[in-house]
Amino acid sequence: MHALAPLISIFFFITSINGASIAQEITQLNNGGLWKIQPSSLTIDPSLVFQNPRLKNAYIALQALKNSIISDPKNVTANWVGSGVCNYTGVFCWPALDTPSQTTVSGVDLNHADLAGHLPDELGLLYDVALLHLNSNRFCGKIPPSFMNMKLLFELDLSNNRFAGDFPSHVLNLPELHYLDLRFNEFEGKLPNKLFDKELDAIFLNDNRFTSGLPENIGNSKASVLVLSNNRFSGCVPAGIGKMARTLNEIVLKNNEFSSCLPPEIGLLKNVTVFDVSFNRIMGCLPESVGEMMGLQHLDVSHNMFSGKVSEKICSIPGLENFGYDYNFFESEALECLNLNGFDNSRNCLARRKNQRSKLQCKVFLARKIDCKAFKCAPPVPPPLPPPPHGNCTQNSPPPPPPPPPPPPTPPRLKSPPPPTPLLSPPPPPPIYAPPPHPKPPNPPPPVNPCVQPPPPPPPPPPPCGQQHPLPPPPTSD
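Everything quoted here is computed from the prediction, not taken from an experiment.

**Student:** Even after reading the chapter, I still don't get the state of the cysteines, so can you show me in this structure?
**Tutor:** By definition, a disulfide links the sulfur atoms of two cysteines through a covalent bond. Summed over the entire model, instances satisfying the criterion amount to 5 disulfides. What pairs with Cys86 in a disulfide is Cys93, and their sulfur atoms sit 2.0 Å apart. Judged by the torsion about the S-S bond (-100 degrees), the Cys86/Cys93 disulfide is left-handed. In this model Cys349 forms its disulfide with Cys362; the gap between the sulfur atoms is 2.0 Å. Classification of the bridge connecting Cys349 and Cys362 rests on its S-S torsion, roughly -95 degrees, and on that basis the disulfide is left-handed. Of this pair, Cys349 sits in the loop between strand 27 (342-344) and helix 4 (359-366) while Cys362 sits in helix 4, placing them 13 residues apart in sequence.

The structure is reproduced here in structure tokens:
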């Protein structure tokens, strides 16, 4: 039996004979229980017959959704009539996990329906749904907190709509959620740290209005795909990203406002096939450790402020097919880079290459040394993988600890010949590392060169949303 079943109590009160007005209540539990659904104005024909209470709840939820839709140009919900909710377009039923003898709604798929409206609170009555796909519609407003009732929800796709507000953190309380797609909306603000502690297989948040830096615990994520492009993230690319090495296959940070050096810890991501940090303000050397990413097929660092050399090790990755490093300030490149099927080295500072920056642009930019320590990013993830410094950039690798002092010599004994000199290993040679930075405060990073294309302007705000269903107050703990 499913653990949720004995905890649910739903009460229906019929207040009319010809058209019954429904008020439903879901018992509020103290420990991660269900969100209390506010009374609904929905009326149910008393002649309707439902196989079980689950399907009656689904009827209430789906009818509330239909009533909240203000535009249905494809008539997707035209057949949402009667008690046979399993026959509704886009609705899928399956035997309940805890009671297989009862049929319940297990999925709702309204992708590409071009529906306009908002999501009502009554959707929280779909507590057996495992899949909710609403992408490519015109839904607006916020995600109802009643979504926390969907304890079996595995996939949530709300992409390509007009949802707004802060990140809907309440969906991270769903115990079975593994796929989250919120791209192409109007969400804004910071990302909660809890997002990267959640065991999600895929995280799609691109094309929103998220701001600030990435949480330092990003390395806790078990996602195989992480797409954060076309937002307004800034600051450092966290070194902790190297902790995602076991699961990460694709990471796309394109078109944000990152303005630090690239941490050498990205070399730990040996299974990544797609790595895209283009259209940012990342500077310094392209870490030599990128050459350790043996799974790379697509590498794009274009439209940044990198300098130094594009190394032979990077361009010799066996499966690398596309490598874009145009619109930077690289001073040299390995010949192996020219043998790649797809590469773009234009608009750099490469001697004897076509379509490069002017000598004046290169001279002005390269005259200022880039010290990655000046960005004061978080400490690297041990063990660090520092590449050797090159050109005008200095990698942010801390010096190793000093060696321990040698043991003191044994004093000679009185009135007896001294013992033979013990065979002690000589002390280790002093480590080789970059000298400490000058006590003067570091120069700020150079301004963005006018030849570096800025990110496109944000899209215009969506049209005003229709009247929203009032949200219930948050639950109170007993």
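Back to the write-up after that little detour.
**Student:** Mind showing me how you'd approach the packing of aromatic side chains here?
**Tutor:** Geometrically, a pair of aromatic rings is defined through the distance of the ring centres and the angle of the planes. Within the structure shown, the criterion is met by 10 aromatic pairs. An angle of 10 degrees between the planes, with centres 6.5 Å apart, marks the rings of Phe187 and Phe210 as stacked. With Phe187 in strand 14 (residues 186-189) and Phe210 in strand 16 (residues 209-212), this pair connects stretches of sequence that are 23 residues apart. Each member of the pair Phe187 and Phe210 is classed as buried. Geometrically, the ring pair formed by Phe306 and Phe330 is stacked, given 6.0 Å between the ring centres and 5 degrees between the ring planes. Taken as a pair, Phe306 in strand 24 (residues 305-310) and Phe330 in strand 26 (residues 329-333) lie far apart in primary sequence, 24 residues in all. Pair check on accessibility: Phe306 and Phe330 agree, each one buried. Among the aromatic residues, those joined into a cluster by ring pairs are Phe167, Phe187, Phe210 and Phe233. A cation sits over an aromatic face here: Arg183 above Phe204, 4.4 Å from the ring centre. Residue placement shows Arg357 over the ring face of Phe329; its charged tip is 4.1 Å from the ring centre.

Rules of the game
Per chain, residue numbering runs from 1 following the sequence as it is written. In view of the model being predicted, local features appear only for residues whose pLDDT reaches at least 70, and side-chain atom pairs are presented and counted only at 80 or more, with totals across whole chains, interfaces and linings using the full set of residues. With hydrogens and water set aside, each side-chain value is computed from the structure's full complement of heavy atoms. The definition used for a disulfide is geometric: two cysteine sulfur atoms within 2.5 Å. Working definition: helices are DSSP H or I runs of at least four residues, strands are E runs of at least two. Numbering for both runs from the N terminus. Two aromatic rings, drawn from Phe, Tyr or Trp (for Trp, its six-membered ring), form a pair once their centres lie within 6.5 Å of each other, and the interplanar angle then sorts them: stacked below 30 degrees, edge-to-face above 60, tilted otherwise. Only protein chains enter the area calculation, which uses a 1.4 Å probe; residues under 20% of their type maximum are buried, those over 50% are exposed, and those in between are partly exposed. For a ring to carry a charge above it, either NZ of a lysine or CZ of an arginine must fall within 6 Å of the ring centroid while also lying within 35 degrees of the normal to the ring plane.

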